[in-house]
Amino acid sequence: MKNLRDLLFNPNKNKRENHPKTKGLPPLKKSQKGIELKNEAEIEIMRISGKIVATVLKEISEITKPGMTTADLDDYAEKRIREMGATPSFKGYHGFPASICACINDEVVHGIPNPKKVIQMGDIVKIDTGAFYHGFHGDSCITFPVGKVKRSTVKLLEVAETAMYKGIEQVKAGKYLMDIAIAIQDYVEINGFTVVENFVGHGVGRNLHEEPSVFNTRTKDLPNVQLKAGMTLAIEPIINAGKKHTRTLKDRWTVVTADKQLSAQFEHTVLVTNNGYEILTMRN
């Protein structure tokens, strides 16, 4: 997730994350504005990294229960990622101290797992994680309820997930990033929610964050890139129950809603194909 306000990700300073297993692969093709197009060998590796991420998120959603802490979930995620032959993408990235971002209720993004952060019945829990496998990253996020939650909360989760898929359905070579953004924004606003604008999706591959920025609302501030086969994108809208505004806590990582209302996020790593798309982090 790119933070536009704080410029957490600066593509001009981001070094390529190489791995010995990729040295024999053909060089990456470049699209417009330095966007990397993956070949079939690289895509196959990304299918594996994506499957690792999907597996971890599915398992976390199944084991989470009241009384656990977000640090418990982080420990579990790191163990499982390493058991499957990968390393956690997030741990150490720009100094982030954990393998997952764990957010509860009004926390929007970049929540640091904490042994004192106890999960309660009725919470909604957002887990974002990545896996680095043989030189390529997978990246995905889910939000899920713990026990019974209010009907309005169920609607927020449903709209957030559906909005992501509305965006993904626009993915096809020849389409544009704006097609994704319009589909997401219109669906969210019709349902009475707001889209957080100061965080956007991104390209993903050899680097956790690559070009292009995948925005979720209409904007003239970012390039409206035409999609090409071989692009791999992290599509990840964040949806708030209240207003779109956010603020960052004193830990300089955790972002919360300014009005303390709930926030939900879903994310998939998606491959652009000539005929449409392939979701590389599908959990089923």
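Description of the structure in this document. (Residues numbered from 1 in each chain as written. Predicted model: local features only at pLDDT ≥ 70, side-chain atom pairs only at ≥ 80, totals over all residues. Heavy atoms only, no water.)

**Observations concerning the pairing of strand 12 (residues 232–235)**
Note the threshold: Buried, partly exposed and exposed residues are distinguished by accessible area as a fraction of the type maximum, computed with a 1.4 Å probe on protein chains only: under 20%, between the cut-offs, and over 50%, respectively. Helix and strand definitions follow DSSP, with helices as H or I runs of at least four residues and strands as E runs of at least two, each counted in order from the N terminus. Should DSSP find at least two bridges between two strands, the strands are taken to pair.
Burial along strand 12 is two-sided: Thr 232 and Ala 234 facing one way and Leu 233 and Ile 235 facing the other are all buried. Across 2 bridges, strand 10 (residues 199–203) lies against strand 12 in antiparallel orientation. Note that in strand 12 the partner of His 202 across the bridge is Ala 234. Pairing geometry for strand 12 and strand 17 (residues 268–272), over 4 bridges, is antiparallel. Bridge pairing in strand 17 places Ala 234 opposite Thr 269.

**Thoughts on the side chain of Asn 198**
Rule in force here: Polar contacts, as counted here, are pairs of nitrogen or oxygen atoms within 3.5 Å of one another; within protein the pair requires one atom able to donate a hydrogen and one able to accept it, and residues that are adjacent in sequence qualify only if both atoms are side-chain atoms.
Counting through the fold element by element, Asn 198 comes out in the loop between strand 9 (194–195) and strand 10. Assessed through its relative accessible area of 17%, Asn 198 is described here as buried. At 3.2 Å, the side chain of Asn 198 and the side chain of Thr 246 are in polar contact.

**A closer look at the environment of Pro 97**
To keep things clear, this is the line we draw: Contacts are assigned to residue pairs with any non-hydrogen atoms lying within 4.5 Å of each other.
Of note, Pro 97 is situated in the loop between strand 4 (87–88) and strand 5 (100–104). Put simply, Pro 97 and Pro 113 are 16 residues apart on the chain and 8.6 Å apart in space, counted from C-alpha to C-alpha. For Pro 97, the contacting residues outside a window of four places in its chain are Lys 91 and Ile 112.

**Topic: the packing of helix 1 (residues 40–63) against helix 2 (residues 70–83)**
The cut-off we apply is this: In this analysis an axis means a line fitted to C-alpha atoms, helices contributing only their contacting stretch, and an angle means the value between N-to-C directions, from 0 to 180 degrees. A crossing counts as left-handed when the near helix is turned anticlockwise from the far one by less than a right angle, and as right-handed when that turn is clockwise. In this classification, Asp, Glu, Lys and Arg are treated as charged, Ala, Val, Leu, Ile, Met, Phe, Trp, Tyr, Cys and Pro as nonpolar, and every other residue, Gly included, as polar.
Viewed as axis vectors pointing N to C, helix 1 and helix 2 meet at an angle of 145°, and their least axial separation amounts to 10 Å. Viewed along their axes, helix 1 and helix 2 form a crossing whose handedness is right-handed. Of the residues in helix 2, those in contact with Ile 52, Thr 55, Val 56, Glu 59, Ile 60 and Ile 63 of helix 1 are Leu 73, Tyr 76, Ala 77, Arg 80 and Ile 81. Residue classes in the contact of helix 1 with helix 2 are distributed as 8 nonpolar, 1 polar and 2 charged.

**Quick notes on helix 1**
Definition in use: Multiplying 1.5 Å by the residue count of a helix minus one yields the expected span of that helix.
With 24 residues, helix 1 should cover 34 Å at 1.5 Å per step; its first-to-last C-alpha distance of 35 Å lies within 8% of that length. The distance from a side-chain oxygen at the start of helix 1 to the backbone nitrogen of Ala 41 is 3.1 Å, and the residue carrying that oxygen is Asn 39.

**Let's talk about the sheet that holds strand 14 (residues 246–248)**
Reading across from one edge, 6-15-14 is the order of the 3 strands in this open sheet, with antiparallel pairing throughout. Among the strands making up the open sheet, the edge pair consists of strand 6 (107–109) and strand 14. Looking at each pair of strands side by side, their axes are set apart by 40° on average, direction ignored.

**Focus: the nonpolar core**
So the rule is basically this: The term nonpolar core refers to a set of buried residues drawn from Ala, Val, Leu, Ile, Met, Phe, Trp, Tyr and Cys, joined through side-chain atoms within 4.5 Å.
One finds Ile 127 and Ile 235 to be the most contacted residues of the largest nonpolar core, which totals 63 residues. If you tally residues by element for this core, the top one is helix 1, at 8 residues. Contact partners of Ile 127, with chain neighbours within four places excluded, come to Leu 57, Ile 60, Leu 73, Ile 100, Cys 101, Ala 102, Ser 140, Cys 141, Ile 142 and Phe 144.

**So, the packing of helix 3 (residues 151–168) against helix 4 (residues 177–190)**
The cut-off we apply is this: Any angle that is under 35 degrees is reported as roughly parallel, and any over 145 degrees as roughly antiparallel; angles of 65 to 115 degrees are reported as roughly perpendicular and all others as oblique.
It is the contact of helix 3 with helix 4, at a shortest axis distance of 8 Å, that shows an interaxial angle of 155°. With respect to helix 4, the axis of helix 3 lies roughly antiparallel. As helix 3 packs across helix 4, the resulting crossing turns out to be right-handed. Of the residues in helix 4, those touching helix 3 at Val 159, Thr 162, Ala 163, Lys 166 and Gly 167 are Ile 180, Ala 183, Ile 184, Tyr 187 and Val 188. Class assignment for the residues of the contact of helix 3 with helix 4 results in 7 nonpolar, 2 polar and 1 charged.

**Notes on the environment of Val 188**
Mapped onto the elements, Val 188 comes out in helix 4. Exposure remark for Val 188: the relative accessible area of 0% places this residue in the buried category. In the structure, Val 188 is positioned 52 residues away from Asn 240 in sequence and 9.4 Å away in space, judged by C-alpha atoms. Ignoring anything within four residues of it in the chain, the contact list for Val 188 reads Val 159, Ala 163, Phe 193, Thr 194, Val 195 and Ile 239.

**Topic: unusual backbone geometry**
For the peptide bond that leads from Glu 211 to Pro 212, omega is 5°, which places it in the cis range. With a phi close to 60°, Asn 105 is a non-glycine residue in the positive phi region. Within the secondary structure, Asn 105 sits in the loop between strand 5 and strand 6. Judged by its relative accessible area of 22%, Asn 105 falls in the partly exposed class. Unusually for a residue other than glycine, His 110 sits at a positive phi of about 65°. With respect to the helices, strands and loops of the structure, His 110 is situated in the loop between strand 6 and strand 7 (124–133).

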